[in-house]
Structure formats: C-alpha cells, structure tokens
There are 2 protein chains.
Amino acid sequence: MASSSTSNSPCAACKFLRRKCLPGCIFAPYFPPEEPQKFANVHKIFGASNVSKLLNEIMPHQREDAVNSLAYEAEARMKDPVYGCVGAISVLQRQVMRLQKELDATNADLMRFTSNDMSNSSFSVFPGQYGARMGHGGGSFDHNSGFSLPYASPWNNNPTGGSSEEGGDGTM
Amino acid sequence: MASSSTSNSPCAACKFLRRKCLPGCIFAPYFPPEEPQKFANVHKIFGASNVSKLLNEIMPHQREDAVNSLAYEAEARMKDPVYGCVGAISVLQRQVMRLQKELDATNADLMRFTSNDMSNSSFSVFPGQYGARMGHGGGSFDHNSGFSLPYASPWNNNPTGGSSEEGGDGTM
C-alpha cells in the first residue's frame, strides 16, 4: 500500500534530491522515507525526471504498481548491468520450453500406455481424459511464450548464467 | 552485430541529441543511423546520460547485449507504462506454474498406470524411466521460478492483461 504523503519527514525522493517535500509531491506516496534505497535505485537507472513524467502520464491508482515495477527493473539492472530483468525473462522462457518438452514427452508416454492397455487394463480410462490435458498443455502452446528477445539468450553468452536458472536470481 | 562507428553519417544518438558524432562515440556502434527509434525509446525511458554511464561501466564486448536489453525494456515500458517488461515476467511465471502443475498431474497419471500395469502390461517399463522425468520436472522444481514480484501479479489487477498470457505481448 502507498504510504501517506502527509508524513512530517520528507519522502525518500525529496530527501535524496535535497528539496522541500511539498503537499501533493508526486513521489511521496510511493517513496516513503523509510525506504531510501528504493528511490536511489530508480533514480540511478531511470532518472527522477523520467519517473516523474511517467507517473504523471498514468492514472493515480496505477502509480504504486508502476513504481514497484520500476524499482524491480532498477534493482535487476543494478545486479546485472548487461541484461537486467530481461535476463529473468530469458531464464523463464527456457523453463517454459523445458517444461513443455517434458509435458509433451510425458503425455506421449501416457498415450502409449492408454493405447496399449485400453482393452486389458484394470485401470479404467475415460475417453478424452488425457487428450484434454494434452490439448491444454500441448499443441496449442506457444513455445516462445510470445516474448522474443532481440539477441541470443544471455545464458548462451554468459558462462555463469546457467546457475541462475536454478533460482540464482531469487533475491532479485 | 554492432554496426561500424566509422560510418560517415552521425549515429542515431548523436543525430537525436543534435551533436557531432566524433570517433570513439560510445553510442555509435550500437545505435546506427538507420534505427532512430531504438535510441529514441532508450533515451525516453532511461535517459542518454544514464545509458552512457552504464555502457562505460561494462566491458566493451558486453555493450551490444546491454543496449539491446535496454531497448527491449524501453519498448516494453512504452507499450505498458505501468508494468513494462515486468509484466512479461509475471506472464511467464504463470505459464511456468501452469505447466508444472500439468506435468505433475500427468506424471501422477503415468505412475498410476505403471503401478497398476507393471505386472500384466505388454508394454515393458524400465525402472526409473518415468521416475527420472518426474524427478527432473517435478518435486525439485521451484514453482515461483526464483523471480518474486514486489506486488500482486499485474494480470490480477489489470482486466485487459489476461489476454497477454496467450501471446498478446508477442510484438514486444
């Protein structure tokens, strides 16, 4: 929840920028004084002026989510100056592709069982029971998830990147 | 591949900033004159000065990937000012969780078949054949992929967001 802008102490943004925090400060509700690093990160990566412009261009009820997503991107960029949170997208795309491949293979095994054992198995199979799941997770699935990166996957270029797939960026 | 900085025409950055493009321009190899929008987007979201600082802080061989990831983030933020490419992370996390759930359920079905039919099936089962796949895609998997968002999933708040899961952001 956005903090109150009626606090006596200046917001983290005005304190960082060494300016008076006036009533109606665009930053105050989203950059409380007790979270100085949040504004410092966003300022370093995007710049206070760009963030102010962006907040003024969106609806007030969307500003808290916008600030939090900017803070997330800024922190990711500071931790990984080359790929930022685009690295996270690449890792997730690889997880999606790996899981889809495993699901397709498991469904194929299951289909072999059902076709082999449909007649003599003590396990009763309802028509479409597995086809339905296969249809959901299978053919109709977009393997690249609709997010195409403008360059080779970071983890193909970055020898340390592989470990991130196992959650190395978990603190991001 | 980064374009040559020895081109006669100024790079897209120097042209945009109305300055002379001198030899050794930090932007020239990554912002060719034929791609003016790439720099315009990055400048609008991050600011030329922040991008220049970032490029100077990383190794030359990493700069092209850094510029491309910045351009990707900038374009995503212009298309979705509230969530930017963090929205893509949220969509991918949901796909990973859905696929993992489907894989777990399919593996459970397969296990029921193997336990029911191991003895009387004409289909030969090799020990660990399915357990291995289950172990890979199953229990050891981190369901939140290690990327925790600092707020509720955008698509829970944004009524139009749901469609993006089916690749609505594919042009991003």
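The rules behind each value
- Throughout, residues of each chain are indexed from 1 in the direction in which the sequence is written.
- Labels follow written order: the first chain is A, the first ligand is 1, and so on.
- With the structure being a predicted model, the display of local features is reserved for residues of pLDDT at least 70 and the display and counting of side-chain atom pairs for 80 or more, all residues being used for whole-chain, interface and lining totals.
- Hydrogen atoms and water are omitted, and side-chain values are computed over all heavy atoms in the structure.
- Numbering of helices and strands runs from the N terminus; a helix is a DSSP stretch of H or I covering at least four residues, while a strand is a stretch of E covering at least two.
- For the exposure calls, accessible area comes from a 1.4 Å probe over protein chains only, and a residue counts as buried if that area is under 20% of its type's maximum, exposed if over 50%, partly exposed in between.
- UniProt positions are given in the numbering used here, feature names are shortened, and annotations may be inferred rather than shown by experiment.
- Throughout, an axis means a line fitted to C-alpha atoms (over the contacting stretch in the case of helices), and angles, computed between N-to-C directions, take values from 0 to 180 degrees.
- For classification purposes, an angle smaller than 35 degrees is called roughly parallel, one larger than 145 roughly antiparallel, one from 65 to 115 roughly perpendicular, and anything else oblique.
- When the near helix sits turned anticlockwise from the far one by under a right angle, the crossing is termed left-handed; a clockwise turn instead gives a right-handed crossing.
- In what follows, residue pairs with any heavy atoms lying within 4.5 Å of each other are defined as contacts.
- Each residue receives one of three labels: charged for Asp, Glu, Lys and Arg, nonpolar for Ala, Val, Leu, Ile, Met, Phe, Trp, Tyr, Cys and Pro, and polar for the others, Gly being one of them.
- Aromatic rings from Phe, Tyr and Trp, with only the six-membered ring used for Trp, were paired whenever their centres fell within 6.5 Å, and each pair was classed as stacked if the ring planes differed by under 30 degrees, edge-to-face if by over 60, and tilted otherwise.
- Here, a charge over a ring is recorded when the distance from Lys NZ or Arg CZ to the ring centre is within 6 Å and its angle to the ring normal is within 35 degrees.
- Throughout this description, the term salt bridge denotes a Lys or Arg side-chain nitrogen within 4 Å of a carboxyl oxygen of Asp or Glu.
- Take the buried residues of types Ala, Val, Leu, Ile, Met, Phe, Trp, Tyr and Cys, join any two whose side-chain atoms come within 4.5 Å, and each joined set is a nonpolar core.
- Per-residue confidence from the predictor is reported as pLDDT, a score between 0 and 100.

A. Fine view of the environment of B:Ala88. Residues and elements named next belong to chain B. Looking at where alanine 88 falls in the secondary structure, it is placed in helix 5 (residues 86-117). Under the relative-accessibility criterion, alanine 88 is labelled buried at 0%. In this structure, the C-alpha to C-alpha distance between alanine 88 and alanine 76, residues 12 residues apart in sequence, is 8.7 Å.

B. Representation of the UniProt feature "domain: LOB" (unreviewed entry) in chain A. Within this numbering scheme, the UniProt entry marks residues 9-110 of chain A as carrying the feature "domain: LOB" (unreviewed entry). The distance from the first to the last C-alpha atom of residues 9-110 of chain A is 63 Å, and the span holds 66% helix and 0% strand.

C. Local environment of the packing of helix 3 (residues 48-57) of chain B against helix 4 (residues 63-79) of chain B. Residue and element names in this part refer to chain B. Closest axis-to-axis distance for the helix 3/helix 4 pair is 10 Å, and the angle between their directions is 150 degrees. It follows from the interaxial angle that helix 3 and helix 4 lie roughly antiparallel. Crossing hand, helix 3 versus helix 4: right-handed. Contact with helix 3, carried on its side by Val51, Leu54, Leu55 and Asn56, involves Arg63, Ala66, Val67 and Leu70 of helix 4 and no other residues of that element. A class-by-class count of the residues in the contact of helix 3 with helix 4 yields 6 nonpolar, 1 polar and 1 charged.

D. Highlighting helix 2 (residues 36-45) of chain B. B:Lys38, B:Phe39, B:Ala40, B:Asn41, B:Val42 and B:Ile45 are the residues of helix 2 of chain B that are buried. On its buried side, helix 2 of chain B packs onto helix 3 (48-57) of chain A together with helix 1 (12-16), helix 3 and helix 4 of chain B. Where helix 2 of chain B terminates, the next one or two residues include B:Gly47, which has phi positive at roughly 90 degrees.

E. Examining the UniProt feature "coiled-coil region" (unreviewed entry) in chain A more closely. The positions that UniProt labels "coiled-coil region" (unreviewed entry) are, in the present scheme, residues 89-116 of chain A. Its end C-alpha atoms 40 Å apart, residues 89-116 of chain A is made of 100% helix and 0% strand.

F. Region of interest: the packing of aromatic side chains. Residue and element names in this part refer to chain A. Applying the stated rule across the entire model yields 10 aromatic pairs over all chains. Note on phenylalanine 27 and phenylalanine 31: the rings are 5.9 Å apart at their centroids and 65 degrees apart in plane angle, and the pair reads as edge-to-face. Per residue, the accessibility class of phenylalanine 27 equals that of phenylalanine 31, and both read buried. On the numbers, 5.4 Å between centres and 70 degrees between planes, the contact of phenylalanine 27 with phenylalanine 39 is edge-to-face. Of this pair, phenylalanine 27 sits in the loop between helix 1 (12-16) and helix 2 (36-45) while phenylalanine 39 sits in helix 2; the two residues are 12 residues apart in sequence, bridging distant segments of the chain. Phenylalanine 27 sits in the buried class, given a relative accessible area of 2%. Each member of the aromatic cluster is reached from another via a ring pair, and the members are Phe16, Phe27, Phe31 and Phe39. Its end group placed over the ring of phenylalanine 31, lysine 38 keeps NZ or CZ at 5.6 Å from the ring centre.

G. Structural context of the pattern of salt bridges. Overall, the coordinates contain 10 salt bridges over all chains when judged by the stated rule. Its salt-bridge partner being A:Glu102, residue A:Arg98 comes within 3.2 Å of it at the nearest N-O pair. Taken together, the residues A:Arg98 and A:Glu102, both in helix 5 (residues 86-117) and 4 residues apart, mark about one turn of the helix. A relative accessible area of 7% places A:Glu102 in the buried class. Between B:Asp109 and B:Arg112 there is a salt bridge, and its shortest N-O distance comes to 3.2 Å. Of this pair, B:Asp109 and B:Arg112 both sit in helix 5, 3 residues apart, which is roughly one turn of the helix.

H. Inspection of the environment of B:Glu35 at higher detail. Within the element layout of this structure, B:Glu35 appears in the loop between helix 1 and helix 2. Linking B:Glu35 and B:Cys11, residues 24 residues apart in sequence, is a C-alpha distance of 9.0 Å.

I. Examining the nonpolar core more closely. Ranked by internal contacts, the top residues of the largest apolar core, which has 52 residues, are A:Phe27, A:Phe46, A:Leu55, B:Phe27, B:Phe46 and B:Leu55. Counting residues per element, the ones that place at least two in this core are helix 1, helix 2, helix 3 and helix 4 (63-79) of chain A together with helix 1, helix 2, helix 3 and helix 4 of chain B. Residues contacting B:Phe46, with those up to four places away along its chain left out, are A:Ile45, A:Phe46, A:Asn50, B:Val51, B:Leu70, B:Glu73 and B:Ala74. Counting residues in hydrophobic clusters, the runner-up holds 22 residues, among them A:Ala76, A:Val86, B:Ala76 and B:Leu103.

J. Focus on the confidence of the model for chain A. Residue and element names in this part refer to chain A. Per-residue confidence for chain A gives a mean pLDDT of 77, with 65% of residues at or over 70. For the stretch residues 123-132, pLDDT sits under 50, and the model shows 14 contacts to residues farther than four places along the chain or on other chains. Scored below 50 in pLDDT, residues 134-144 makes 25 contacts in the model with residues more than four places away or belonging to other chains. As a predicted assembly, this complex carries a pTM of 0.72 together with an ipTM value of 0.72.

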